[in-house]
Amino acid sequence: MNQESRERIALVVFLLLVVAVLTAGVVYITVGHSWNTAATTIDDAAGSLDGYTVIVYDGVKVPASFDDKAETSHDITSKVSLAKSYEEKRANVITLHTTNLGFYREGVILKAGDKRVGVFSVSSTEDASRYQNIVGALKSQGVDYTVCIASDTSLLVAAHGTRDIDVVIDLGLDADHDASVTSGTYLVTAPSVGKIGSILVSPTNVVSDKSTS
């Protein structure tokens, strides 16, 4: 076997190793996240969420027909009840009012046990263009997580994307995507009116979500 043949074989072997490593990495991330999410589900069902941070928020999508007053009353009662149930499982809980984006426009810091959660809202192109300044200010104050409540995630995408944001709650009425992780950001679509959304962050910072009627 001449030198040229050996070099070609070595190159092929090297490329195969690169492909194998990349494949293993993808499988590890996918399967690992699935296992971690499953662990959260088990902990929740077992009633033991010690060390978890849970964010509870209102659903906002409007069904074809509903009783406005009845639904509003139901939402408040359900959110308080759900937050209390998580607290009984020893989770650290905060509640968000997704129907009042103006309250979060300049960014607020909420405490969940020993965790500090920075929350801000984006409901216009102007908000989106300056969100990085708000995130920077929140991080300078030592927040553990940054959460953005967005009237439409496309506003963020058109500006700077979602970098430096840990969780985005998409309130867009046309949003209908499954929870996903993009550039390190956990993106979730808010449920409809009459349901309550929950975002669970495990002690190892694995994020998952669920909605409850």
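So, a few notes on the structure that sits alongside this text. (Residues numbered from 1 in each chain as written. Predicted model: local features only at pLDDT ≥ 70, side-chain atom pairs only at ≥ 80, totals over all residues. Heavy atoms only, no water.)

## Remarks on the overall build of the protein
When helices and strands are tallied, the protein shows five helices and 10 strands. When each of the 213 residues of the protein is scored for burial, the buried share is 38%. (Helix = DSSP H or I, 4+ residues; strand = E, 2+ residues; numbered from the N terminus. Buried < 20%, exposed > 50% of the residue type's maximum accessible area, 1.4 Å probe, protein only.)

## Let's talk about the nonpolar core
L96, V119, V147, I169 and I199 are the most contacted members of the largest nonpolar core, which totals 23 residues. Every element with two or more residues in this core is listed here: β1 (53-58), β2 (92-96), β3 (108-112), β4 (115-122), β5 (145-150), β6 (167-170), β8 (185-189) and β9 (196-201). Ignoring sequence-local partners within four residues, the contact set of V119 consists of L96, Y104, G107, V108, L110, L138, V147 and I149. Within the second largest apolar cluster, 15 residues are counted, among which are V122, V135, V143 and I165. (Core = buried A, V, L, I, M, F, W, Y, C linked by side-chain atoms within 4.5 Å. Contact = heavy atoms within 4.5 Å.)

## With respect to the environment of G113
Here G113 shows up in the loop between β3 and β4. Overall, G113 belongs to the partly exposed group, its relative accessible area being 44%. Distance in space between the C-alpha atoms of G113 and Y52 is 9.5 Å, their sequence separation being 61 residues.

## Notes on the sheet that holds strand β10 (residues 207-212)
The strand order across the open sheet built from four strands is β2-β1-β9-β10, with neighbouring strands paired in mixed fashion. For this open sheet the edge positions go to β2 and β10, each flanked by a neighbour on one side alone. Neighbour-to-neighbour, the strand axes of this sheet turn through a mean angle of 20°, independent of strand direction. For β1 and β2, the ladder comprises five bridges, and the chain directions are parallel. Residue pairing in the sheet places I55 in a bridge with I94 of β2. (Pairing = 2+ DSSP bridges. Axes fitted to C-alpha atoms, helices over the stretch in contact; angles between N-to-C directions.)

## Regarding the pattern of salt bridges
Taken as a whole and judged by the stated rule, the model has seven salt bridges. Here R105 ties to E126 by a salt bridge, and the two come within 3.7 Å at their closest N and O atoms. Taken together, the residues span a long stretch of sequence, with R105 in the loop between β2 and β3 and E126 in helix α3 (residues 125-129) at a distance of 21 residues. For D127, the salt bridge goes to R130, with nearest N and O atoms at 3.7 Å. Connected via shared salt-bridge partners are R105, E106, E126, D127 and R130. (Salt bridge = Lys/Arg side-chain N within 4 Å of Asp/Glu carboxyl O.)

## So, the environment of V60
Here V60 is to be found in the loop between β1 and α2 (68-88). The sequence separation of V60 and D170 amounts to 110 residues, and the corresponding C-alpha distance is 10.0 Å.

## Regarding the packing of aromatic side chains
The final tally for this structure, using the stated rule, is two aromatic pairs. Ring geometry for F103 versus Y104: centroids 5.0 Å apart, planes at 85°, classification edge-to-face. Note on F120 and Y131: the rings are 6.1 Å apart at their centroids and 5° apart in plane angle, and the pair reads as stacked. Here Y131 lies in helix α4 (residues 131-140) and F120 lies in strand β4, a separation of 11 residues in the sequence. Across the pair, Y131 and F120 agree in class, each one buried. (Phe/Tyr/Trp six-rings, centres within 6.5 Å; stacked < 30°, edge-to-face > 60°.)

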